[in-house]
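One letter stands for each residue in the lines below.
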Amino acid sequence: MIRPSDFSSIVVLTGAGISAESGLKTFRDNDGLWEGHRVEEVATPEAFINNPSLVQQFYNTRRQQLQNEAAPNTAHKALAHFQQQYSGSFTLITQNVDNLHEQAGSQNTQHMHGELLKGRCLSTDEIFPWYEDMNEQSLCPCCKSRGNIRPHIVWFGEMPLYMKDIEEQILKCDLLIAIGTSGVVYPAAGFAQLAQAAEACTVELNLEASAVHSDFNHAYYGPATKVVTEFFRT
Ligand code: APR
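Enquirer: Go over the packing of aromatic side chains, please, and point to the residues and values.
Expert: Going through the model one piece at a time under the given rule, you end up with 10 aromatic pairs. Ring plane angle 90° and centroid distance 5.1 Å describe the contact between Phe58 and Tyr59, whose orientation is recorded as edge-to-face. A single burial state applies to Phe58 and to Tyr59, both of which are buried. Plain terms: the ring middles of Phe82 and Phe90 are 5.9 Å apart, the flat faces sit at 50° to each other, and that makes the pair tilted. Neither Phe82 nor Phe90 differs from the other in exposure class; each is buried. Among the aromatic residues, ring-to-ring pairing joins Phe82, Tyr86, Phe90, Tyr220, Phe231 and Phe232 into one connected group.

Enquirer: How would you sum up the state of the cysteines? Please name residues and give values.
Expert: The bond known as a disulfide is covalent and runs between the sulfur atoms of two cysteines. In total, this model carries zero disulfides according to the counting rule given. Not engaged in a disulfide, the cysteine Cys121 finds its nearest cysteine sulfur in Cys140; these two sulfurs lie 3.7 Å apart.

Enquirer: Can you break down the site of the ligand residue by residue, with the values?
Expert: Neighbouring residues of the ligand: 22 residues in total, closest Phe27, Arg28, His113, Thr181 and Ser182. The separation between an oxygen atom of the ligand and a polar main-chain atom of Gly180 is 3.3 Å. Interatomic distance of 2.7 Å between a side-chain N/O atom of Thr181 and an oxygen atom of the ligand. Coverage of the ligand by the protein amounts to 93% of the 740 Å² it exposes when considered alone.

Enquirer: Explain the sheet that holds strand β7 (residues 175–179) residue by residue, including any values.
Expert: Strand pairing in a sheet relies on backbone hydrogen bonds. The paired strands run either parallel or antiparallel. In spatial order, the strands read β3-β2-β1-β7-β8-β9; together these six strands make up an open sheet with parallel pairing. With one partner strand each, in any of the chains shown, β3 (110–111) and β9 (218–221) form the two edges of the open sheet. With four bridges connecting them, strand β8 (residues 201–206) and β9 associate as parallel partners. Residue Glu204 lies in a different strand from β9, and its bridge partner there is Ala219. The strands touched by helix α5 (residues 74–85) are β1 (9–14), β2 (89–94) and β7; relative to β2, the strand with the most contacts, the crossing angle is about 155°.

Enquirer: Quick rundown of the pattern of salt bridges? Include the residues and the values.
Expert: Applying the stated rule across the entire model yields seven salt bridges. Two residues, Asp6 and Arg3, come together in a salt bridge whose shortest N-O distance is 3.4 Å. The exposure class assigned to Asp6 is exposed, which follows from its relative accessible area of 54%. Judged by its relative accessible area of 51%, Arg3 is exposed.

Enquirer: How would you explain the sheet that holds strand β4 (residues 114–121) if you had to name every residue and give the values?
Expert: Read from one edge to the other, the open sheet built from three strands follows the order β5-β4-β6, with strand pairing classed as antiparallel. Looking at strand neighbours, the two that pair on one side only are β5 (127–129) and β6 (149–153), the edges of this open sheet. If you compare each strand with its neighbour and ignore which way they point, the axes differ by 45° on average. Bridge count between β4 and β5: three bridges; the pairing is antiparallel. Directly across from Gly119, in β5, lies its bridge partner Phe128. Packed onto the sheet, helix α4 (residues 52–69) meets β4 and β6 and runs at close to 135° relative to β4.

The rules behind each value
Residues numbered from 1 in each chain as written. Predicted model: local features only at pLDDT ≥ 70, side-chain atom pairs only at ≥ 80, totals over all residues. Heavy atoms only, no water. Phe/Tyr/Trp six-rings, centres within 6.5 Å; stacked < 30°, edge-to-face > 60°. Buried < 20%, exposed > 50% of the residue type's maximum accessible area, 1.4 Å probe, protein only. Disulfide = S-S within 2.5 Å. Near = heavy atom within 4 Å. Polar contact = N/O pair within 3.5 Å; in protein donor to acceptor, adjacent residues only side chain to side chain. Areas by Shrake-Rupley, 256 points an atom, 1.4 Å probe, with all protein chains shown as cover. Pairing = 2+ DSSP bridges. Helix = DSSP H or I, 4+ residues; strand = E, 2+ residues; numbered from the N terminus. Contact = heavy atoms within 4.5 Å. Axes fitted to C-alpha atoms, helices over the stretch in contact; angles between N-to-C directions. Salt bridge = Lys/Arg side-chain N within 4 Å of Asp/Glu carboxyl O.

Okay, structure coming up:
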């Protein structure tokens, strides 16, 4: 097994698979349904315009579940521990909207698809912490209007966050590791190819081969709590 500490600049990309053993369902392991909904029903700007209460309710349930039922698992903790003692450059990018990396102790996690525990003002795009249910009566802390607020989530058809910075980090790294992501949603699905083109070593840690498995130099398959913990053991 290659050792991450032998590299000087590491980018880690995580997806829903790292949080699966924390009790949060992945997106594509249930017949294309996400907690009983098609993504277009709940995770697009059109859905929010057409049926805001369904979309808010969907994220309210996810927010409650995250705060009441989920906790970081040993894979989140192994990553945070590695980051704390590693002396090179370390960038953690996640597609996950949960805060389990932060709870495990990771620093500066880049949530490219947004964060469940934040809200956003529809007028100014200002972002603020949000832990309660959100609905059409919720008072926006930014503009003080009721209902002028949405979950801070990047929906399908919207631009992921921090892309310029992320691409710079990938082009500079000598090791890119993708954990628990199916490799079907771009731009994240293209990160390994970008890193390989810049001559970095690429590693996939996943339950099974992803859709872009051929973009990785090494792969270790199994549950995240096993393969991630072993890979980042220091
Ligand atoms: N350990 C490791 N990997 C796992 C585990 C586990 N215990 N359980 C599932 N996996 C893997 C699956 O094999 C799959 O490859 O995690 C991956 C989960 O894939 P998706 O559900 O597609 O999640 P992700 O890749 O994060 O989705 C990307 O799609 O819907 C959007 O915005 C959403 O951020 C999300 C994006």
